[in-house]
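Breakdown of the fold
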Amino acid sequence: SYLPIVVASDGVRAMMESALTARDRVGVQDFVLLENFTSEAAFIENLRKRFKENLIYTYIGSVLVSVNPYKDLEIYTKNHMERYRGVNFYEVSPHIYAVADNSYRSMRTERKDQCILISGESGAGKTEASKKILQYYAFTCPASEQVQTIKDRLLQSNPVLEAFGNAKTLRNDNSSRFGKYMDIQFDFKGAPVGGHIINYLLEKSRVVHQNHGERNFHIFYQLIEGGEEDLLRALGLERNPQQYQYLVKGNCPKVSSINDRSDWKMVRKALTVIGFNEDEVEELLNIIASVLHLGNVQYGGEEGNVCITSDTQIKYLARLLGVNGAVLTEALTHKKIIAKGEELMSPLNLEQASSARDALSKAVYGRTFTWLVNKINASLTYTDDSHKNYSVIGLLDIYGFEVFQHNSFEQFCINYCNEKLQQLFIELTLKSEQEEYEAEGITWEPEKFKGIISILDEECLRPGDASDLTFLEKLEDTVGGHAHFVTHKLADAKTRKVMGRDEFRLLHYAGEVNYNVNGFLDKNNDLLFRNLKEVMCMSENKILNQCFDREELSDKKRPETAATQFKASLAKLMEILMSKEPSYIRCIKPNDSKQAGRFDEVLIRHQVKYLGLMENLRVRRAGFAYRRRYEVFLQRYKSLCPDTWPNWQGKLADGVATLVKHLGYKPEEYKLGRSKIFIRFPKTLFATEEALETRKHSLATKLQAGWRGYSQKSKYQKLRTSAIAIQAWWRGILARRRAQRRRQAADTIRRFIKGFIYRHRERCPENEYFLDYVRYSFLMKLHRNLPKNVLDKSWPTPPAALAEASEHLRKLCMQNMVWSYCKKISPEWKHQMEQKMIASELFKDKKDNYPQSVPKLFVSTRLNGEDINPKVVQALGSEKMKYAVPVTKYDRKGYKARPRQLLLTANSAVIIEETKLKQRIDYGALKGISVSSLSDGLFVLHVSSDDNKQKGDVVLQSDHVIETLTKIAICSDKINSININQGSITFTVGQGKEGIIDFTPGSELLVAKAKNGHLSVVSLLNLPHSQSDGFSKLKAEM
């Protein structure tokens, strides 16, 4: 939808356009658009609908009506503040932030001071409304470090003033018992730079007396409940409000909705922010405590000779107030009379003494409150002299209209104030309407409304007779004929039944109120005995010293009465308000029980009546309900007429005239001014809005189609442009890469060829690349073709330049493989290899059947345990057998073959025949071992002829000759004593005789005695056999 454009200089608010289409959802958001605007029932029903939906704000033109929800609503967050910040008054739903922002923008654009008047009866939410406005300005206005300090002080002044000036009443738990007008000062940038507060008529009588169900000012309870133990002890106070006479009159020390302890912390923090130092806080609290102690001062004695019976209270008072105790005691029991120039001390009776005590309490508290306001003003003072001209937004939060069961002087002044404000409200509202119609050249139809106010300031003057009843009689004589005034004497019989003889009744704009005259004169005079003033002037408390000026003692002029002072201050307030552009917030209390969600129609109707809301609505609707500048109206509704859509090129007035003619407006429904159109009836506007809603759908379809086409085309163009850019970029990268690779390849080939040409020269720049490449190629080839094991002797052929390095590498490689291989073998395999190495040293290339033995593992024995007779084992005794093998022994004389067993021990070789040890040959007697080079298994053990135990050399045959001889050589340590003979072996037979063994190769193994007496051994021909194959098989077996 179109958003309306509002020119601030119009000075008049227009309707919120976006709300018009939603008028049937929750009533209307502006009562001006209420069709039956003269019906009070329709007015209240609209309020009720919105209240039930937690929509507590509604407009009457420029007036905001606020209904207290009595609960927290989530409509005051920072997000909400941002939503209303700088937004046109009518673009968002009614809210107190909208009023605050509109006043702020008007002040900035028009450079005219503003004021926001908040009114309503006690409990309607005026104080909360003023706090929300301050919070809004603190959040949304521009800030610097100095400005932030002012913002904080503006916000923190609220809890301080509420603590000292607010109290719980029957109508409101946080009722303002004083009037407050605050000026917020803004510099040319729109930042809050200062402030000033004016207070009006503090209800001092509450200090000494409260009605049942009410409380004294909050600060007393906060101090008692929240004060630290040391602080209370220093002030002489107890943590029990029931101990103090000034706090028990209302019989309501605690309230469920008030947390005095947390409020106390808030007040202490606020005092610090405002700028109170510790000494000032201490003296301020001394005064508050002294008021409580004054209330507990008790009198006794005979009539005419009153004395104080509570000395403890006097001691506390003397210390807290900084005065002499004896002087204070005398001042509380006597009064000073000046007769014929002489000062006389006249004793007081009991009633007079109590009144003097209460008067002192009220004076001390009242003047301290005024000092507190002045102190806050000093902290808010705008100190920058470079910009003395500043703009102001005034905020009036003053007591609402009050009607209690017993109404006295305070209620009379409060209601008088509300009469003046109501009169101001009506006058300003009527004036602004008339001015706008005259400016636009529209005829004004005057609204006839009742005048309600009758000024009563002269009735509050003190009469000649000093009694309240004579004052009442004077009233009857002077204003008895007034239609709005009646007393018991002047009333009819029916009225007399509900009126006391000491009462008079005034008919206010808000209804009738009965006032009891008792105490009117005393409260109006507000006198304090001279000697009490003198005592206070001598106080050492710096605050009291400022509150009680010594010049008062020398001033012979009678002080003005409270009513006169209040009347004069109200007159000044009216002048202030009249000089500013006003905005209004009218607060309504939905029920008397402070319950959320309860809508008391009777109570609300009464408030609507006395707040003059119906009169205000009739004033607004006496002319035209809706008004809008031509450009705004045309901009919003131009789509409803073909002649004005999409743009009107002529004069704005002609365009609007063409538009309303097409829409079928009747002459009595509208008027055209100089710059605005005025529409009389809401139904006309609603019909136009409905037509616009219908038109919006077709316009939306066209706009959507056009936008989607444009959007998709734009999207396609962007994608196409992006794709082309990416493709070009990528193609460039690929081309540059290809060119770079070609350049690198050409450089490499060129360098390679040149290096090949110069390859035989010393290393130089021309051949260094080629030589490095050759080296690199060899090393990479070597890396890929290293030998796989220690038996692999392959090795790539190195280039000439690397021959020496290649040999070093080959050795290192072999050493590394050997080391790796050795690291992996077990102790058993190591022992096996050691034996094989010995066998290799002994028989390799020397004996024909050695190759067949290589792949066969050597074993520790060739005989099992059962093969050796136990008797043999027993005969061996402790000798450990290292090897055993079956052998064939050939006799030395006939060469007869006999089966035997050969056992090797640590010291000897033993030949066994079944159970007998046939021969033991000590290793020391073993001279050598002979074996043929053929493939037979015969071998001869040569023994020493000196050994008488031996008969001669021993001829043996073993199927495992290589293994057996290796074992014998190892055990006897005769490795170098093994002889491998070619053709024959000579051995000793005995007694100096020798025998010969002849070895010849043949087709089969044959051992026999030859004709020549030799032992003939025919060995099998040995087939060629690769020893490397044997080692491979051996390794495989392992």
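It should be emphasised that the depicted structure is a prediction, and the values quoted were computed from it without experimental measurement. (Residues numbered from 1 in each chain as written. Predicted model: local features only at pLDDT ≥ 70, side-chain atom pairs only at ≥ 80, totals over all residues. Heavy atoms only, no water.)

1. Some words on the pairing of strand β22 (residues 908-913)
With respect to burial, β22 is a largely interior element, five of its six residues being buried. Alignment of β22 against strand β23 (residues 916-922), held across six bridges, turns out to be antiparallel. Within the sheet, the bridge partner assigned to Val-910 lies in β23 and is Arg-920. Counting the residues in the hairpin turn of β22 and β23 gives two residues, including Glu-914, whose phi is positive at 55°. (Buried < 20%, exposed > 50% of the residue type's maximum accessible area, 1.4 Å probe, protein only. Helix = DSSP H or I, 4+ residues; strand = E, 2+ residues; numbered from the N terminus. Pairing = 2+ DSSP bridges.)

2. Observations concerning the nonpolar core
Residues Tyr-137, Phe-164 and Phe-220 are the most contacted members of the largest nonpolar core, which totals 109 residues. Setting aside residues up to four positions removed in sequence, Phe-220 forms contacts with Leu-247, Ile-288, Val-291, Leu-292 and Tyr-365. Grouped together as the second largest cluster of nonpolar side chains are 57 residues, Phe-412, Phe-471, Tyr-515 and Leu-573 included. (Core = buried A, V, L, I, M, F, W, Y, C linked by side-chain atoms within 4.5 Å. Contact = heavy atoms within 4.5 Å.)

3. Here we look at helix α10 (residues 278-295)
Residues spaced three or four apart along an α-helix face the same direction, because each turn holds 3.6 residues. With 18 residues, α10 extends 26 Å between its outermost C-alpha atoms, agreeing within 8% with the 26 Å of an ideal straight helix rising 1.5 Å per residue. The buried count for α10 comes to 15 of 18 residues, which makes it a mostly enclosed element. Looking at where α10 begins, the residue whose side-chain oxygen comes 3.1 Å from the main-chain nitrogen of Asp-279 is Asn-277. (Expected span 1.5 Å × (residues − 1). Polar contact = N/O pair within 3.5 Å; in protein donor to acceptor, adjacent residues only side chain to side chain.)

4. Description of the pairing of strand β31 (residues 1015-1020)
Both strand β29 (residues 993-1002) and β31 contribute to a ladder of six bridges, which runs parallel. Bridge pairing links Phe-999 to Val-1017 in β31. Examined bridge by bridge, strand β30 (residues 1006-1009) and β31 share four bridges and lie antiparallel to one another. Looking at β31, one finds that Lys-1009 is bridged to Leu-1015. The hairpin formed by β30 and β31 contains five residues between the paired strands, and Gly-1013 there has a positive phi angle of roughly 85°.

5. Regarding the sheet that holds β29
If you walk across this open sheet you meet the four strands as β28-β29-β31-β30, and the pairing is mixed. Only two strands of the sheet have a single partner each, and these edge strands are β28 (984-990) and β30. Along the sheet, successive strands turn relative to each other by an average axial angle of 20°, direction set aside. With six bridges connecting them, β28 and β29 associate as antiparallel partners. Note that in β29 the partner of Ile-985 across the bridge is Ile-997. (Axes fitted to C-alpha atoms, helices over the stretch in contact; angles between N-to-C directions.)

6. Comments concerning helix α28 (residues 803-824)
Taking 1.5 Å per residue as the helical rise, α28 with its 22 residues ought to reach 32 Å, and the 31 Å between its terminal C-alpha atoms agrees with that figure. Looking at α28, one finds that the buried residues are Ser-806, Cys-813, Met-814 and Met-817. The arc that holds the buried residues of α28, viewed along the axis, is 95°, so those residues lie on one side. Those residues of α28 that are exposed and aimed more than 90 degrees away from the buried face are Glu-804, Leu-812, Gln-815, Trp-819 and Lys-823. (Arc of directions from axis to C-beta.)

7. Here's the deal with unusual backbone geometry
For the bond running from Trp-645 to Pro-646, omega is 5°, close enough to zero to count as cis. Relative to the elements of secondary structure, Pro-646 occurs in the loop between α24 (630-637) and α25 (652-663). One non-glycine residue, Tyr-70, adopts positive backbone phi at about 55°. One non-glycine residue with positive phi stands out, namely Tyr-895, at about 55°. For Tyr-895, a relative accessible area of 9% gives the class buried.

8. Focus on the packing of aromatic side chains
Using the criterion set out here, one finds 24 aromatic pairs in the structure. On the basis of an interplanar angle of 40° and a centroid distance of 6.1 Å, the ring pair of Tyr-104 and Tyr-137 is categorised as tilted. Of the two residues, Tyr-104 is situated in helix α4 (residues 96-110) and Tyr-137 in helix α5 (residues 126-140); the sequence distance between them amounts to 33 residues. Tyr-137 carries the same exposure label as Tyr-104, and that label is buried. Feature note: the residues Tyr-76, Tyr-84, Tyr-97, Tyr-104, Tyr-136, Tyr-137 and Phe-186 constitute an aromatic cluster, connected by ring pairs. Geometry around Tyr-221 places Arg-215 over its ring, the cationic atom sitting 3.9 Å from the centre. The ring of Phe-756 carries Arg-759 above its face, with NZ or CZ at 3.8 Å from the centroid. (Phe/Tyr/Trp six-rings, centres within 6.5 Å; stacked < 30°, edge-to-face > 60°. Lys NZ or Arg CZ within 6 Å of the ring centre and 35° of its normal.)

9. Examining the pattern of salt bridges
Counted by the stated rule, this structure contains 32 salt bridges. In this structure, Asp-230 and Arg-233 form a salt bridge, with 2.8 Å as the shortest nitrogen-oxygen distance. Here the residue Asp-230 and the residue Arg-233 both occupy positions in helix α8 (residues 229-235), the gap between them amounting to three residues, near one helical turn. Arg-233 gets classed as exposed once you look at its relative accessible area, which sits at 57%. (Salt bridge = Lys/Arg side-chain N within 4 Å of Asp/Glu carboxyl O.)

10. Here's the deal with the UniProt feature "binding site: ATP" (unreviewed entry) in the protein chain
Residues annotated in UniProt with the feature "binding site: ATP" (unreviewed entry) correspond here to Gly-120, Glu-121, Ser-122, Gly-123, Ala-124, Gly-125, Lys-126 and Thr-127. With respect to the helices, strands and loops of the structure, Ser-122 is situated in the loop between β3 (114-119) and α5. Residues within four places of Ser-122 in sequence aside, it is in contact with Thr-169, Arg-171, Asn-172, Ser-175, Gly-400, Phe-401, Glu-402 and Lys-589. Tracing the sequence through the fold places Gly-125 in the loop between β3 and α5. Since its relative accessible area comes to 22%, Gly-125 is described here as partly exposed. Contact partners of Gly-125, with chain neighbours within four places excluded, come to Asn-68 and Cys-587. (UniProt positions renumbered as here; feature names shortened; annotations may be inferred.)

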